[in-house]
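Letter by letter, the chains look like this.
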Amino acid sequence: CLLLGNGPSGICLSYLLSGYTPYVKEGAVHPNPLLQRKLEEFPGVPITEQDLEYLSEGLEGRSNSPAALLFDTLLRPDTDFLGDVESVLGWTLEPERAIPHLVLGRGPPGGAWNAIEGSMITLSRGDWMGLPDLSFKDWMRKKRRNLRNDRSTAGDILNYYQYYVRNKSLQDNFVSGAVVTSIVKLNRSEENVPEKENLWDRPKLNMDRPEDKSIFQVSGFIENNSGIKQNFCVYAKNVVLATGTYDSPLRLGIQGEDLPFVYHQISALEEAVKTKKVHHDSDPVLIVGAGLTAADAILLAHHYNIPVIHAFRRRVNDPALIFNQLPQVMYPEYHKVYQMMKEQSVFKGGPYEGYMSLPEHHAVHFSDNKKCIFRDKYGQHKAFNVSMTLILIGSNPNLSFLPKNGMHLTLDTEKPVSSKRNPLEIDPFTYECLQEKGLYAVGPLTGDYFVRFVQGGALAVASSVQKSLKKPP
């Protein structure tokens, strides 16, 4: 089994494929009486061998995935009601259930968390960022760190994920610096498919069972710290896409967007602050977008007294704005940004020095002399001088290693993959792609965003792969 992506989904799945087996703890009682009755029907049978569809029937929560809700409620019963009921699952390492696998990642374990500014406060509560059988809260206590409003910094979370890989002895399954360039499905009858292929002296991945008629050929290269590239080609019966959606930032598609002062990632602002390219006396930084990444950029600039012009297409009281969906008590800093957006617009001014919001403004073009032209809701044009521009309007996954960029796997095969608008079409209880047997997808590619919910996808895949191999217990 080959996993592409080493973020929380890939780490959790590696844990499950390494033989760590979830059982209901003896004497544990789940607060959901219906689920508790079902769990009592098969005592001593691992969750991965049970019928996930049957167990998840009737569960409700903040995810549309029944498998995600099931695993989340087993790991964190009552958490949405701020209850502190312990997990009903106990974990046993049963090496005979382990399935040989590799986890390929472009960087170190942690996936996109490697690229997030370490001091950023996370959206989710800290205990929702945890992985099975290693409480994030306990880990933080050992580090003598305090959670602010039950939330944590991105740096703490990255350290926790990397510690988890070491603590659970998963590191031999992880290959960093790996870039996949193509995935092709081959038929075993073709003469050019080797029966066995070794990858850097790792365990052999091919399952040489006679009934396996087709196999995936995965090609790419490994780049070491010195920039030396080594090509690889490996064969696997099952491939899991866990690549997330941070690869290709969305673009406005306007004139001047490729000019050197226009960026599409928040890391550009972090770098400019460090190198003092922007400071409190420079022209404002223009931030385009009304999501949480844009808010993070505003908070970062605000922290260093860097002036900001903040442009977005929606009106400030649009109920679809993410700020209207976050409880103020838990997210005071995002509500501060929202307050600024409402009170400090170009139309009326306000109490916040060094910040100006441009609601219902569309960027028209950027010019060489760092001028940006906007069109407002009345069709009038305005020009602003800026020091740099950050276009933070979301991102799409990069599936260029798949035929047709993976479009044939989506709900609407005429449109490109988009985690929000056009995710991959999967079986909800196995996470296998409906259009391609043996290919699985987890995490944002399937519409699961939050770490607490991507783990249900890992459970579904592990359960499906183990059942397909019919390994004896």
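In the annotation of an unreviewed UniProt entry, the entry for the protein chain reads Oxidative stress-induced growth inhibitor 1, and the organism field reads Aquarana catesbeiana. The UniProt entry for the protein chain carries the following text under Cofactor (unreviewed entry): "NADPH". Quoted verbatim from the Subcellular location (unreviewed entry) heading of the UniProt record, the comment on the protein chain is "Midbody".

K.L.:
Lay out the packing of helix 1 (residues 8-17) against helix 6 (residues 154-167) with the relevant residues and their values.
P.N.:
Their axes nearest at 11 Å, the elements helix 1 and helix 6 cross at an angle of 20°. With respect to helix 6, the axis of helix 1 lies roughly parallel. Along this stretch, helix 1 crosses helix 6, giving a crossing that reads as left-handed. For the pair helix 1 and helix 6, the contacting residues are Pro8, Ile11 and Tyr15 in the first and Tyr161, Tyr164 and Val165 in the second. Broken down by class, the residue content of the contact of helix 1 with helix 6 amounts to six nonpolar, no polar and no charged.

K.L.:
Hey, could you go over the sheet that holds strand 11 (residues 262-263) for me, with residue numbers and the actual values?
P.N.:
Ordered by their spatial adjacency, five strands build an open sheet running 11-18-12-13-14, and the pairing between neighbours is parallel. Bordering the open sheet on either side are strand 11 and strand 14 (355-359), each of which pairs with just one other strand. Relative to strand 18 (residues 388-391), strand 12 (residues 285-288) runs parallel, the two sharing four bridges. Considered in strand 18, the bridge of Leu286 is made with Thr389. The sheet contacts of helix 8 (residues 292-303) involve strand 12, strand 13 (308-312), strand 14 and strand 18, and relative to strand 13 the element is tilted by about 170°. Sitting on the sheet, helix 9 (residues 332-343) is in contact with strand 13 and strand 14, with an inclination near 70° to strand 14.

Scoring rules and cut-offs
Residues numbered from 1 in each chain as written. Predicted model: local features only at pLDDT ≥ 70, side-chain atom pairs only at ≥ 80, totals over all residues. Heavy atoms only, no water. UniProt positions renumbered as here; feature names shortened; annotations may be inferred. Axes fitted to C-alpha atoms, helices over the stretch in contact; angles between N-to-C directions. Helix = DSSP H or I, 4+ residues; strand = E, 2+ residues; numbered from the N terminus. Parallel < 35°, antiparallel > 145°, perpendicular 65-115°, else oblique. Left-handed = near helix turned anticlockwise from the far one by under 90°. Contact = heavy atoms within 4.5 Å. Nonpolar A, V, L, I, M, F, W, Y, C, P; charged D, E, K, R; others polar. Pairing = 2+ DSSP bridges.

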